[in-house]
Amino acid sequence: MPLSPDQLAEIEDQRSTTRQTLRVVAPGMESHLYRVHEVLDHGFIRVVDYMGDDAAICQAARVSYGKGTKSVQGDTGLIRYLMRHAHSTPFEMCEIKLHVKLPLFVARQWIRHRTANVNEYSARYSILDREFYIPARDDLAAQSSINSQGRGDALTDAEAARVLDILKSDAAQCYDHYEEMISDDGKAGLARELARMNLPANIYTQWYWKVDLHNLFHFMALRADAHAQWEIRVYAEAIAAVVADWVPAAYGAFADYRMGGVALSAQAINCVRRMLKGEEVTQENSGMNKREWREFEGVLE
Ligand SMILES: Cc1cc2nc3c(=O)[nH]c(=O)nc-3n(C[C@H](O)[C@H](O)[C@H](O)COP(=O)(O)OP(=O)(O)OC[C@H]3O[C@@H](n4cnc5c(N)ncnc54)[C@H](O)[C@@H]3O)c2cc1C
């Protein structure tokens, strides 16, 4: 249960208060505003604010005095052109502010995206909740034998049960000690900023994260990708579903050119040209090494 009844009531209160504005409102985003989208066992994302819509991208691209939009077809064409040619600044005119609850080890990957504004829950000031990410049984896998940064086969039932026991008992013991250290209990308890050092990386933290659409697309391209760790990918996918409703034309262009598209090397394009002429191209005569060839085959499949 990621949110307490009080927190849910606060969200409902926010959703029931409407305001008049002259600003642009994206209907698809209004339905997400403040709502919680659950991710992992205790995490979530929720939109707390946003600015702009598809039209704002066109407005900026045309440096317009008014709405800056033309026909839907013309606007979609313009947005696709901007995406195709990496004319990225019009996408920076849209912004999103998210409240995210996530395990520390996911936060550590996420925070590497420097082109965003972050404010994290202070564990110097507040006491962290007893909430740890414990993977579902089916998400426990062995180290991959072909990808040193990835997972391979699922663990057997017995191995999975052993791992889950270790994760749960370590988390419980560390949190018990954390509580014991900060408890004043008539004595001077350890400062929260120090006591937190024994907490494991699967404990949950929270932050507000604000980013513009251009940099959000960059985040999604890296973190909703199959190469990203599954635990961050599910967050990126939850955000992507929201973005698709917020800016459907921009998201469509992103899905087409960035998520669904590939960049080919000059060598790879040369191979495609040779194949189109009917030549039999193999790894040996392609000029690519084995790994490049495997990835190239993956693209063609
Ligand atoms: C699958 C995967 C595996 C990874 N493995 C590792 C790993 O093993 N170890 C590790 O340390 N990291 C790893 N990373 C993190 C990765 O190296 C990047 O730090 C992270 O993806 C953020 O990307 P970014 O710098 O492009 O994003 P952002 O920080 O959001 O920056 C966006 C863009 O802004 C520009 N920019 C921002 N800051 C600067 C700057 N100071 N100087 C120049 N240009 C700047 C760059 O063009 C950059 O692409 C991994 C990431 C992925 C997706």
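Everything discussed here concerns the structure shown above.
Numbering of residues begins from 1 in every chain and follows the order in which that chain's sequence is written. Two thresholds apply to this predicted model, a pLDDT of at least 70 for residue-level local features and 80 or more for giving and counting side-chain atom pairs, whereas whole-chain, interface and lining totals are computed over all residues. Excluding hydrogens and water, the side-chain values take into account all heavy atoms of the structure.

## Examining the pairing of strand S7 (residues 204–212)
Now for step 1: Residue burial is assigned from relative accessible area. The probe radius is 1.4 Å, only protein chains are included, and a residue is buried under 20% of its type maximum, exposed over 50%, and partly exposed in between. Working definition: helices are DSSP H or I runs of at least four residues, strands are E runs of at least two. Numbering for both runs from the N terminus. Most of S7 is tucked away, with seven of its nine residues classed as buried.
Now for step 2: In short, DSSP must find at least two bridges between two strands for them to pair. Here strand S3 (residues 95–103) pairs with S7 via nine bridges, running antiparallel. Within S7, the position partnered with isoleucine 96 by the bridge is valine 211.
Now for step 3: The pairing of strand S4 (residues 117–120) with S7 spans four bridges and is classified as antiparallel. Across the sheet, residue glutamate 120 finds its bridge partner in S7, namely tryptophan 207.

## Quick look at the side chain of glutamine 283
Now for step 1: Considering the arrangement of structural elements, one finds glutamine 283 in helix H12 (residues 283–286).
Now for step 2: A 3.5 Å cut-off defines polar contacts: any pair of N or O atoms within that distance qualifies, except that in protein one atom must be a possible hydrogen donor and the other a possible acceptor, and neighbouring residues in sequence count only when both atoms are side-chain atoms. One polar contact links the side chain of glutamine 283 to the main-chain carbonyl oxygen of methionine 288, over a distance of 2.9 Å.
Now for step 3: Contact between two residues is taken to exist if any of their heavy atoms lie within 4.5 Å; hydrogens are not considered. Once residues lying within four places of it in the same chain are set aside, the contact partners of glutamine 283 are Met288, Asn289, Lys290 and Trp293.

## Points about a nonpolar patch on the surface
Now for step 1: On the surface, Val262, Leu264, Ile269, Val299 and Leu300 cluster together into a nonpolar patch covering about 390 Å² of accessible area.
Now for step 2: In this fold, leucine 300 is placed in helix H13 (residues 290–300).
Now for step 3: A relative accessible area of 48% places leucine 300 in the partly exposed class. In this analysis, a patch consists of residues with relative accessible area above 30% that form no salt bridge, clustered at 9 Å for like charges and at 5 Å for the nonpolar side chains Val, Leu, Ile, Met, Phe, Trp and Tyr. To measure how exposed things are, a 1.4 Å probe is used in the Shrake-Rupley method; for residues, cover is taken only from the protein chains shown. Here, a salt bridge means any Lys or Arg side-chain nitrogen found within 4 Å of an Asp or Glu carboxyl oxygen.

## Details of helix H11 (residues 266–276)
Now for step 1: Of all the positions in H11, only Ala268, Cys271 and Arg274 are classed as buried. With its buried residues spanning 120° around the axis, H11 presents them on a single face. What points out from H11, more than 90 degrees from its buried face, is the exposed set Ala266, Arg273 and Leu276.
Now for step 2: Looking at the buried side of H11, the elements it contacts are H12 and H13. Here, the arc refers to the directions that run from the helix axis to the C-beta atoms.

## Here we look at the packing of helix H8 (residues 213–223) against helix H9 (residues 230–246)
Now for step 1: Following both chains from N to C, one finds H8 and H9 inclined at 140°, their axes separated by 9 Å at the closest point. As judged from the angle between their axes, H8 and H9 are oblique. Crossing hand, H8 versus H9: left-handed. From H8, Leu213, Leu216, Phe217, Phe219, Met220 and Arg223 reach across to H9, where they touch Ile232, Arg233, Ala236, Ile239, Ala240, Val243 and Trp246.
Now for step 2: Classifying every residue of the contact of H8 with H9 by side-chain character gives 11 nonpolar, no polar and two charged. Note on geometry: axes are lines fitted to C-alpha atoms, helical ones only across the stretch in contact, with angles between N-to-C directions running from 0 to 180 degrees. Should an angle fall under 35 degrees it is taken as roughly parallel, and over 145 as roughly antiparallel, whereas 65 to 115 is taken as roughly perpendicular and any remaining angle as oblique. When the near helix sits turned anticlockwise from the far one by under a right angle, the crossing is termed left-handed; a clockwise turn instead gives a right-handed crossing. Residues were grouped as follows: Ala, Val, Leu, Ile, Met, Phe, Trp, Tyr, Cys and Pro as nonpolar; Asp, Glu, Lys and Arg as charged; and all remaining residues, including Gly, as polar.

## Here we look at unusual backbone geometry
Now for step 1: Within the chain, valine 63 stands out as a residue other than glycine whose phi angle is a positive 45°.
Now for step 2: Overall, valine 63 belongs to the exposed group, its relative accessible area being 68%.
Now for step 3: In the Ramachandran plot, alanine 86 falls in the positive-phi region, its phi being about 55° despite a non-glycine side chain.
Now for step 4: Tracing the sequence through the fold places alanine 86 in the loop between helix H4 (72–84) and S3.
Now for step 5: In this structure alanine 86 comes out as exposed when scored by relative accessible area, which is 62%.

## Considering the sheet that holds S7
Now for step 1: Spatially, the five strands line up as an open sheet ordered S1-S2-S3-S7-S4, and their pairing is antiparallel. Both outer strands of the open sheet, strand S1 (37–39) and S4, are each paired with one neighbouring strand and no more. Shown here is a sheet whose adjacent strand axes are inclined to one another by a mean of 25°, direction ignored.
Now for step 2: Here H8 sits on the sheet in contact with S3 and S7, set at roughly 130° to S7.
Now for step 3: Sheet strands touched by H9: S1, strand S2 (43–51), S3 and S7. Its angle to S2, the strand with the most contacts, is close to 35°.

## Here we look at the pattern of salt bridges
Now for step 1: Tallying each qualifying case throughout the model produces 11 salt bridges.
Now for step 2: Aspartate 256 serves as the salt-bridge partner of arginine 80, at 2.6 Å between the closest nitrogen and oxygen. One end of the pair, arginine 80, is in helix H4; the other, aspartate 256, is in helix H10 (residues 248–259), with 176 residues separating them in the sequence.
Now for step 3: On the basis of relative accessibility, which here comes to 26%, the residue arginine 80 falls in the partly exposed class.
Now for step 4: Lysine 210 serves as the salt-bridge partner of glutamate 95, at 3.1 Å between the closest nitrogen and oxygen. One end of the pair, glutamate 95, is in strand S3; the other, lysine 210, is in strand S7, and 115 residues separate them in sequence.
Now for step 5: The exposure class of glutamate 95 is partly exposed, given its relative accessible area of 22%.
Now for step 6: The partly exposed category is assigned to lysine 210, whose relative accessible area is 30%.

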